[in-house]
Amino acid sequence: MPELIPVFDLKSEINIIYDEVLESIQEVLKSGQFIMGEQVAAFEKEVADYLGVRHAIGVNSGTDALIIGLRSVGIGKGDEVITTPFTFFATVEAIHQIGAVPKFVDIENCTFNIDSRKIEEAITSKTKAILPVHLFGHAAEMRTIMDLAKAYDLKVVEDTAQAFGGEYHGQKLGTIGDVGCFSFFPTKNLGAYGDGGLIVTNDDNVAEIARKLRVHGGKNKYNNEMFGYNSRLDEIQAAILRIKLRYVQSWNEKRRKVAKIYSERLKEISNLVLPMEKGGIKHVYHQYTVRIVNGNRDNIYEQLLARHVQTMIYYPLPVHHLPVYRAQNIDLNLPVAESISKQVLSLPIWPHIEDKQVEYVCNTLQSLLS
Ligand SMILES: *Cc1c(COP(=O)(O)O)cnc(C)c1O
C-alpha cells in the first residue's frame, strides 16, 4: 500500500513557487505596508483583467464577499434570496447575516447545482435575489437564471468560491450576474496562504458600495456613511495571490486532465456515477465528485481510507437539515439534495497529484465496487 493519498495536497505547489513567494513576502516586509497597499491594488487590477470584469474588490474571506456582495446589490432585512440547499453553509449563513431569508430550491442530480427549472415557482413578491453556487467548479445554468432575474427584476449574486477560472459559454464565472463572490481559502482553485476573498462586478455603483462596506462603510476615513465591516485583504496574501494568479490557468488545466483520467478509468463501473460536464461549460474540478448509488457510500469511504485513500463527503447533510435549523422544524421537500447527500464522494484531486496516485485510487475504487 502507498502512503496515504490525501484528498488535497499543497506540498508540490508550494515547492514550485517557494522562492517566488518568499521574495514577495520579503518585498512586503520591506515596504512596511501591510493593509490595502500596492499589492492589493495590483492584484485587484490583475484579477479583474484575468476575469474580464470592471471591478475587483479584495476582502477578508469568501464569506465576507457574500455578505458584502449581497448588501452591495441592495439585499437586506426580510428579502427572500433563492439558493441551493446543497452547498457549504457559508452561502446560506451570509443570507441570514444580513437579515434576509434563504429560500431553497432543489438541485439537479447531474451537476449538483440549483435546478434552474424549479426556480420560477419559488419566486414570491418578497424575492429579491437568486444566489447560485457553481458547486465543485461546474457552472450553474446561468442563462435561465439571468432570464428569470430579468423577468422578475431580481439581482443575481454568484457564489464562485469553488469555481475560479470556470466558464459558462465563454464567460468567466462570477462575472455574469450582478456580483460575483470568490474565496481564497487555501484549498480553493485560487487559494491564498491564509484567508482572503474577492467581490467582482461590472456595475460602478455596486463596486463603490462594496469598497465602502469593506472599510467601515465610508469612502474616506472618519466619514462613515453606513455600517460596514473590517474586511480587507492583506498585502502579504495579495502578493501571494498575484504569483498564483499567473499559474491558475495551467493548474486548472491540470485538474481537468486529472478529471479526464478518472472519467476514462472509472467509466462502466457498476453503482458508480461520474461527474458530468455540460456542453459549453468549462468545469474546473474544484472537486471530482462521484456518486455511489448502491447505498454503500459510507462503507466505501471507510474501505478506501483503510487502503490509504482519503476521500471527502461534500456535503453529508443538505443545509436545511443542519442543526441550526432543527429548532425551526422547517419542513421542506428537497428530495434530490437529500438523496444526493447520501451518495456523494469526492476523490483526491489537486493540480500536481501524480499519475500513479490517480491510478491507485482508480484501482482501489474499482476493486471495492466489483
Ligand atoms: C469556501 C466557500 C465559501 C466560504 O469561503 P471562506 O473564504 O471560507 O469564507 C462560501 N461558499 C462556498 C460554496 C465555499 O466553498
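Residues numbered from 1 in each chain as written. Predicted model: local features only at pLDDT ≥ 70, side-chain atom pairs only at ≥ 80, totals over all residues. Heavy atoms only, no water.

> Whenever I open this one, the overall build of the chain confuses me. Can you help?
Scanning the chain for helices and strands turns up 12 helices and 13 strands. On C-alpha atoms alone, the chain measures out to a radius of gyration of 21 Å, which is about the 21 Å that the 2.2 N^0.38 rule sets for 370 residues. If one aligns the C-alpha atoms of the chain with their principal axes, the spans along those axes are about 65 × 55 × 40 Å. Counting all 370 residues of the chain, 54% fall into the buried class. As displayed, the chain offers around 16,300 Å² of accessible surface, 49% of which is attributable to carbon and sulfur atoms. Positive and negative side-chain charges in the chain, numbering 40 and 45 respectively, have mean positions lying 1 Å apart. (Helix = DSSP H or I, 4+ residues; strand = E, 2+ residues; numbered from the N terminus. Rg over C-alpha atoms; globule rule 2.2 N^0.38 Å. Buried < 20%, exposed > 50% of the residue type's maximum accessible area, 1.4 Å probe, protein only. Areas by Shrake-Rupley, 256 points an atom, 1.4 Å probe, with all protein chains shown as cover. Lys, Arg positive; Asp, Glu negative; His and termini not counted. Charge placed at Lys NZ, Arg CZ, Asp CG, Glu CD.)

> It is not clear to me how the pattern of salt bridges should be interpreted in this structure. Could you clarify?
As a working rule, side chains carrying opposite charge can pair if their charged atoms are close by. All chains considered together, the criterion is met by 22 salt bridges. Residue Asp115 is joined to Lys118 by a salt bridge in which the shortest nitrogen-to-oxygen separation is 3.6 Å. Residue Lys118 is classed as partly exposed on the basis of its relative accessible area of 30%. Of the charged contacts in the structure, one is a salt bridge between Arg256 and Glu277, with a shortest N-O distance of 3.1 Å. On the criterion of sequence distance, the pair formed by Arg256 in helix α8 (residues 248-266) and Glu277 in the loop between β10 (272-273) and β11 (281-282) is long-range, its members being 21 residues apart. The network of salt bridges with shared partners includes Glu253, Arg256, Glu277 and Lys282. (Salt bridge = Lys/Arg side-chain N within 4 Å of Asp/Glu carboxyl O.)

> Whenever I open this one, the domain arrangement of the chain confuses me. Can you help?
A common way to report how large an interface is uses the accessible area buried once the components associate. Looking at the assigned domains, one finds that the chain contains domain 1 (11-105 + 112-245) and domain 2 (248-369). Counting residues at the interface gives 38 residues for domain 1 and 36 residues for domain 2. Here domain 1 packs against domain 2, burying approximately 3,000 Å² in sum over the two surfaces, 65% of which is carbon and sulfur. For the domain 1 face of the interface with domain 2, the top three residues by lost area are Phe136, His138 and Asn189, together amounting to 23%. At the boundary of domain 1 and domain 2, one finds one salt bridge. In this structure, Glu141 and Lys278 form a salt bridge, with 3.2 Å as the shortest nitrogen-oxygen distance. Along the contact surface separating domain 1 from domain 2 lie 18 residue pairs in polar contact (both at pLDDT 80 or more). (Domains from an automatic or database assignment. Contact = heavy atoms within 4.5 Å. Buried area = accessible area lost by both parts, 1.4 Å probe. Polar contact = N/O pair within 3.5 Å; in protein donor to acceptor, adjacent residues only side chain to side chain.)

> Help me understand the sheet that holds strand β12 (residues 288-292) in this model?
Backbone-to-backbone hydrogen bonds join strands into a sheet, with any given pair of strands oriented parallel or antiparallel. A sheet is described by the order of its strands in space; here three strands give the open sequence β10-β12-β13, paired in antiparallel fashion. Of all the strands in the sheet, just β10 and β13 (344-347) have a single pairing partner and so form its edges. Here β12 pairs with β13 via four bridges, running antiparallel. Directly across from Thr289, in β13, lies its bridge partner Ser346. Contacting β10, β12 and β13, α8 runs over the sheet at an angle of about 25° to β12. Along the sheet, helix α9 (residues 297-306) contacts β12 and β13; its crossing angle with β13, the most-contacted strand, is approximately 25°. (Pairing = 2+ DSSP bridges. Axes fitted to C-alpha atoms, helices over the stretch in contact; angles between N-to-C directions.)

> I'm lost on the site of the ligand in this one. Help?
If you check the shell around the ligand, you find 15 residues, and the closest are Gly62, Thr63, Asp159, Ser183 and Lys188. In this structure, an oxygen atom belonging to the ligand sits 2.8 Å away from a side-chain N or O atom of Gln162. Coverage of the ligand by the protein amounts to 92% of the 380 Å² it exposes when considered alone. Those elements that place two or more of their residues in the shell around the ligand are α3 (62-72) and α4 (90-97). For the shell around the ligand, the element with the highest residue contribution is α3, accounting for three residues. (Near = heavy atom within 4 Å.)

> Quick question: what am I supposed to make of the nonpolar core here?
Here is a general trend for soluble globular proteins: nonpolar side chains tend to be buried in one another's company. Counting residues in hydrophobic clusters, the biggest one holds 25 residues, and the most contacted among them are Tyr262, Leu266, Leu272, Tyr288, Leu347 and Leu365. Where this core is concerned, the elements lending two or more residues are α8, β12, α9, β13 and α12 (355-369). Of all the elements, α12 adds the most residues to this core, at six residues. Not counting chain neighbours up to four residues away, the residues in contact with Leu365 comprise Leu266, Leu272, Ile300, Leu304 and Leu347. (Core = buried A, V, L, I, M, F, W, Y, C linked by side-chain atoms within 4.5 Å.)

> So what exactly am I meant to see when it comes to a nonpolar patch on the surface here?
There is a patch of nonpolar side chains on the surface, built from Leu29, Phe34, Ile35 and Met36 and spanning about 340 Å² of accessible area. Examined against the element boundaries, Ile35 turns out to sit in the loop between α1 (11-31) and α2 (38-51). (Patch = residues over 30% accessible without salt bridge, like charges linked within 9 Å, V, L, I, M, F, W, Y side chains within 5 Å.)

> So what exactly am I meant to see when it comes to the packing of α3 against helix α6 (residues 204-214) here?
Packing of α3 against α6 leaves a shortest axis separation of 9 Å and a crossing angle of 130°. Of the possible angle classes, the one that applies to α3 and α6 is oblique. As α3 runs across α6, the sense of the crossing is right-handed. Contact residues: Ile68, Arg71 and Ser72 in α3; Val206, Ile209, Ala210, Leu213 and Arg214 in α6. Tallied by class, the residues present in the contact of α3 with α6 amount to five nonpolar, one polar and two charged. (Parallel < 35°, antiparallel > 145°, perpendicular 65-115°, else oblique. Left-handed = near helix turned anticlockwise from the far one by under 90°. Nonpolar A, V, L, I, M, F, W, Y, C, P; charged D, E, K, R; others polar.)

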